[in-house]
Amino acid sequence: MFLLYLSPPFSYNERLVMRIQPQLVAAALAISLCFSATAASNKKAPPTVAEAEQFLKNAEARLEKLSDSAQRAAWVYETHITDDTEAISSQANDISLAALGEIALQARRYNGLPLSVENKRKLKLLQLSISLSDSKDREAYTRLASFMSGAYGKAKYCSKPSDEGSCKNLGQLEEILAHSNDPAVLKDAWLGWHKQSASYKDKYAEYVALSNKGARELGYADTGALWRSQYDMSPQEFAQETERLWQQVKPLYDSLHLYVRLKLREKYGAEIVPLTGPIPAHLFGNMWSQSWENLYPLVKPQGQAGSLDVGEVLKQKNTDAQAMTRYAEGFYTSLGMEKLPDSFWAKSMLTKPRDREVVCHASAWDLNNLTDVRIKMCINPTTEDFLTIHHELGHIYYDLAYRNQPYLFKAGANDGFHEAIGDTVQLSVTPEYLNKLGLLKEVPDVSQDIGVLLNRALEKVAFLPFGYLVDQWRWKVYAGEVKPQDYDKVWWELREKYQGVKRPAPSEANGFDAGAKYHVPADVPYARYFVAHILQFQFQRALCKEAGYTGPLHRCSIFGNKKAGEKYQAMLALGTSKPWSEALKTMSGEEKMDASAILDYFAPLKVWLDAQNKALSHG
Ligand code: X8Z
Ligand code: ZN
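The next subject is the overall build of the protein chain. Helix and strand counts for the protein chain come out as 25 helices and six strands. In terms of C-alpha radius of gyration, the protein chain reaches 24 Å, essentially the compact-globule figure of 25 Å for 619 residues. Taken along its principal axes, the extent of the C-alpha atoms in the protein chain is 80 × 60 × 45 Å. Scored against the burial criterion, the 619 residues of the protein chain give a buried share of 60%. If you take every contact in the protein chain between residues at least 6 apart in sequence, the share linking residues at least 24 apart comes to 79%.

Protein coordination at the zinc ion (ligand 2) comes from H391 (NE2), H395 (NE2) and E419 (OE), with a distance range of 2.0 to 2.1 Å. Each of the four donor atoms bound to the zinc ion (ligand 2) contributes to angles spanning 91 to 129°, and the resulting shape is tetrahedral. Taken in chain order, the donor set of the zinc ion (ligand 2) reads H-x3-H-x23-E. Linking H391 with H395, this pair stays in helix α15 (residues 383–401), spanning four residues, or about one helical turn. Given a relative accessible area of 11%, H391 falls into the buried group. Classification of H395 by relative accessible area gives buried; the value is 2%.

In the vicinity of ligand 1 lie 13 residues, with H361, K517, H519, Y526 and Y529 positioned nearest. At 2.9 Å from an oxygen atom of ligand 1 is found a side-chain nitrogen or oxygen belonging to H519. For ligand 1, the accessible surface in isolation is 370 Å², of which the surrounding protein chains cover 87%. Sorting elements by how many residues they give to the shell around ligand 1 places α15 first, with three residues. Residue composition of the shell around ligand 1, by class: four nonpolar, six polar and three charged.

Three- or four-residue spacings in an α-helix give side chains the same orientation, since the helix completes a turn every 3.6 residues. Helix length check: helix α21 (residues 527–546) (20 residues) gives 28 Å between terminal C-alpha atoms against 28 Å at 1.5 Å per residue, within 8%. Within α21, the axis deviates most sharply at H533, by approximately 25°. Of all the 20 residues making up α21, 17 are buried; the element is thus mostly covered by neighbouring parts of the structure. At the exit of α21 stands G548, carrying a positive phi of roughly 85°.

Next up on the list: the packing of aromatic side chains. Enumeration over the complete set of coordinates arrives at 43 aromatic pairs. Judged by centre distance (6.0 Å) and plane angle (40°), the ring pair of F463 and Y526 falls under tilted. Note that F463 is positioned in helix α19 (residues 463–478) and Y526 in the loop between β6 (501–502) and α21, a separation of 63 residues in sequence. Since its relative accessible area comes to 5%, F463 is described here as buried. Residue classification places Y526 among the buried residues on the basis of a relative accessible area of 2%. Both rings, one in Y468 and one in Y498, keep their centres 5.3 Å apart while their planes meet at 80°; by these two values the pair is edge-to-face.

Another point: helix α25 (residues 603–618). Look at α25: 23 Å from first C-alpha to last across 16 residues, which is about the 22 Å you get at 1.5 Å a residue. Every buried residue belonging to α25 is among L605, W608, L609 and N613, and all of these are buried. The buried residues of α25 occupy an angular sector of 135° when the element is viewed end-on, so they sit on one face. Exposed side chains of α25 directed beyond 90 degrees from the buried face belong to V607, K614, A615 and H618.

On strand β4 (residues 363–366), burial covers both faces: S363 and W365 on one face and A364 and D366 on the other are all buried. As defined by bridge partners, β4 adjoins strand β5 (residues 373–376) across four bridges and the pair is classed as antiparallel. Each residue of the ladder has a partner; that of S363, found in β5, is K376. Where β4 hands over to β5, the hairpin turn is made up of six residues, of which N369 adopts a positive phi near 65°.

Cut-offs applied
- Residues numbered from 1 in each chain as written.
- Chains lettered and ligands numbered in written order.
- Predicted model: local features only at pLDDT ≥ 70, side-chain atom pairs only at ≥ 80, totals over all residues.
- Heavy atoms only, no water.
- Helix = DSSP H or I, 4+ residues; strand = E, 2+ residues; numbered from the N terminus.
- Rg over C-alpha atoms; globule rule 2.2 N^0.38 Å.
- Buried < 20%, exposed > 50% of the residue type's maximum accessible area, 1.4 Å probe, protein only.
- Contact = heavy atoms within 4.5 Å.
- Donors = N, O, S within 2.8 Å, 3.2 Å for Na, K, Ca; no water.
- Tetrahedral: all angles 85-135°; square planar, octahedral: opposite > 155°, others 65-115°.
- Near = heavy atom within 4 Å.
- Polar contact = N/O pair within 3.5 Å; in protein donor to acceptor, adjacent residues only side chain to side chain.
- Areas by Shrake-Rupley, 256 points an atom, 1.4 Å probe, with all protein chains shown as cover.
- Nonpolar A, V, L, I, M, F, W, Y, C, P; charged D, E, K, R; others polar.
- Expected span 1.5 Å × (residues − 1).
- Bend = angle between axes of the 7 residues up to and from the residue.
- Phe/Tyr/Trp six-rings, centres within 6.5 Å; stacked < 30°, edge-to-face > 60°.
- Arc of directions from axis to C-beta.
- Pairing = 2+ DSSP bridges.

Note that all results are geometric; they support no functional claim without further evidence.
Next comes the structure, spelled out in structure tokens:
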């Protein structure tokens, strides 16, 4: 299914892209001509309900037909980056955007008619789009989008520019960030990667201007407002909701941040890690300091401490990418969900090819809106990748679950739901579960719970401010409040304010640090991940209740529980046919996002962190 506001190459690939295939284009144009003729002939008479229904039927059929081949161009591009596949993909995007924009503009004609609830929703969904009527603008927009995606995918840092052997890709640099203990080496890898995005800063600024133009054609203030309009509430309400949730979780984040600060200070010294103020961003084990689980060995509680780390065992067992993916599939089938189709295994890209450039950032694809589902990922035998596969298959099982919905409803209840499905499953990847798989030798007893919780918090709680701030920045950029000359200034103001991290060295002239995060050049909205990090705990609380579990939330795993599986599947099957609050209600009885579930989950850790912080600060 496509993303209604068209976006270039996309994470779980909810977007409309299209391949240039003469017969398909002819078919598309034929349909287009058909109903623009109808629209033209009715120009004077007010539209009727019957016409609106016919319009929706035609639009759905047209888009469905086009989306399948569109996805294929993007798939080929992202798994084989060349000038040719880039051109094909951007041309395909151009055609899809033309169709989408045209349909979105036409849809407005039927607003206000007494349609069925379902059709009103379809009409609204069709208008969550940009429209660039001017073909030059549209071509420029899609060319820029494809270029930036490819540039990010291909980027390498060469510490000795004349020596190709010194070049490292993002995966290799991330590996250094994750495992080196040398602050100079960490800093070099961090700065080396962040230098890369400067090359497409101008292009990004041009792209923003065109995207805004497209959003305004459909009556949105700017693209940021369009993005915030997809949550069954006004853009302002969505901004307020996310701020409310952030305020709910901030005290938990602050406790974790202080604890980690004190541990980093012990390791790297007072010169590098201050007692107050932001901490240098290269020390958190992650290129964007967005999740800190690689710091677990450094910060774990003294004595015996449970862990979720299965990296060593996966390596010892020579677990290949397919076997890693089978583990994740096994979780979903244990809930009663179907096995992945054979085509998934035949067509997915599970490892980084040696002979060509690809976009390694993990993504899930639904190519024909039925069962041609795939993932694209450069899998290594690490705990992080083990968990990410569960995330990606969450997208895939959502796609499969809503495949019988009408085309326009083949999407997540909102994009945060799509991101939360697999993350909820990650919460059931407990030590007991890993032990059942033979990946963890011993099941830690209750006394080691704090270690496990801390490990989980480094992944999930550390993420919250990053999940929130990326789009704080983009909303400002799209609103024109932040101009290119201030991109870095405002980016770092936000990173200091929310994450409490700072740039390891002064900003470069004309740098573009936000662009060093995949979702910025790929133009994938990011607030979805913040929403998902709140929702997944609500989902988990509801599923554990359904499973009859009554213990502490952090010990619950729904592995093998068919009753919980049925409940989950019922929500997934709704797709986006209902407002997200109704989908949530079918699962948990709640109608609002609520951070109390994540706070409940980590309650014992919060007490422990605060005690540690007190002792360490006075020690
Ligand atoms: O981009 C992703 C997924 C694909 S939708 C791998 N995530 C965000 C990121 O990597 O920054 C998952 C967590 C946040
Ligand atoms: Zn995802």
